[in-house]
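Observations on the three-dimensional arrangement
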Amino acid sequence: MLLRAYLIVRVSVFFFNDTATTEIYTLSLHDALPISVLWAVAGDSRGNIYTGGGGPGASSAKLFRISPDGTSKTLAEFKELEVQAIAVDSRDRIYAATAPAGKVYRISPGGRPEVFYDPKEKYIWAMAFNSKGELFLATGDTGKIYRVSPSGKGTVFFETGETHVRSLAIDAHDNLVVGTDPGGLILRISPAGKGFVLYQSAKREITAVAVAPDGVIYAAAIGGKKVVPMAAPPISVTLAPSVPTATAARMPGCHQPSGVPPDPTRCTPKPSAATTTA
């Protein structure tokens, strides 16, 4: 179901700053990020980039900070196996969501993870803050979206009816834009909690969404939808009595398929040559 970005030699992280210029940080996997999978990335107002992940066989998940000059350090380590989502609030505090048995941690200035909110869900796939400082969580495998106050109190905000809410972004009007699995839906959810389907993809899983300053929505999707054949409705069939083999011969003058018993009501035999008179 999931698309994993395995890092073999190097990983490049692209960060677009406010002047629309692009800075590229190229990091050595073995020297800087000693894990095989990066699931999430986010940036703060000071130009730092935060990324996290885990990998097959890893005993813990890690969160890294990459400074503007490209140097990196391990910021925090978690007992769970993966860091699936990262968010940064208006005070540049860092939040990380782990999996499985997902929890949201806020990272202390000293790098200590502190549980900020536990939705009691298996997965937390994405997180984003609105303009009020409320944190929204996209979860699975019940397809719910949670709203968490700045004090860490959360409730279910919206139920999609899907198995997973795989991606989440918030636009300039505090509308949520979310992507789902397995329906491949992109929904817009108002601050009042009213949802509207914007698009249904031919793919099953919307793994990422982003909203541009002009409101245009970008999305990434993977996976073909499984076509489940519909069962044919039952048909009642009444079988005719069996016909002895000897009666299956052709009647003179009848034209019917071979092997089909003759039907005297539809065929009028022509007189044979033996009965014809001069």
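Everything quoted here is computed from the prediction, not taken from an experiment.

Criteria and thresholds
Residues numbered from 1 in each chain as written. Predicted model: local features only at pLDDT ≥ 70, side-chain atom pairs only at ≥ 80, totals over all residues. Heavy atoms only, no water. Helix = DSSP H or I, 4+ residues; strand = E, 2+ residues; numbered from the N terminus. Buried < 20%, exposed > 50% of the residue type's maximum accessible area, 1.4 Å probe, protein only. Contact = heavy atoms within 4.5 Å. Patch = residues over 30% accessible without salt bridge, like charges linked within 9 Å, V, L, I, M, F, W, Y side chains within 5 Å. Areas by Shrake-Rupley, 256 points an atom, 1.4 Å probe, with all protein chains shown as cover. Salt bridge = Lys/Arg side-chain N within 4 Å of Asp/Glu carboxyl O. Pairing = 2+ DSSP bridges. Axes fitted to C-alpha atoms, helices over the stretch in contact; angles between N-to-C directions.

Relative to the assigned elements, Ser-201 resides in the loop between strand E18 (195-200) and strand E19 (203-211). Residue Ser-201 is classed as buried on the basis of its relative accessible area of 9%. When neighbours within four sequence positions are excluded, Ser-201 is seen to be in contact with Gly-183, Gly-184, Ile-206, Ala-221 and Lys-225.

The next thing to look at is a nonpolar patch on the surface. Together, Phe-196, Leu-198, Tyr-199 and Ile-217 make up a nonpolar patch on the protein surface, roughly 380 Å² of accessible area in all. In terms of residue count, E18 provides more of the nonpolar patch than any other element does, 3 residues in total. Along the chain, the position of Leu-198 falls in strand E18.

Our next topic: the sheet that holds strand E6 (residues 72-78). Working definition: the strands of a sheet are paired by backbone hydrogen bonds and lie parallel or antiparallel to each other. Spatially, 4 strands are ordered E3-E4-E5-E6 in an open sheet, and the strand pairing comes out antiparallel. Strands at the two margins of the open sheet, each flanked by one partner only, are strand E3 (37-43) and E6. Ignoring strand direction, the axes of neighbouring strands in this sheet form an average angle of 25°. Strand direction decides the pairing type here: strand E5 (residues 61-66) and E6, joined by 6 bridges, are antiparallel. Residue Lys-62 lies in a different strand from E6, and its bridge partner there is Glu-77.

Right, let's talk about the pairing of E5 for a bit. The element E5 is extensively covered by neighbouring structure, given that 5 of its 6 residues are classed as buried. Pairing between strand E4 (residues 49-54) and E5: 5 bridges, direction antiparallel. Pairing of Tyr-50 across the sheet is with Arg-65, part of E5. Remark: 6 residues form the turn of the hairpin made by E4 and E5, two consecutive strands paired antiparallel; Gly-57 in that turn has positive phi of roughly 85°. Hairpin remark: E5 followed by E6, antiparallel, with 5 residues in the connecting loop; positive phi at Gly-70, about 95°.

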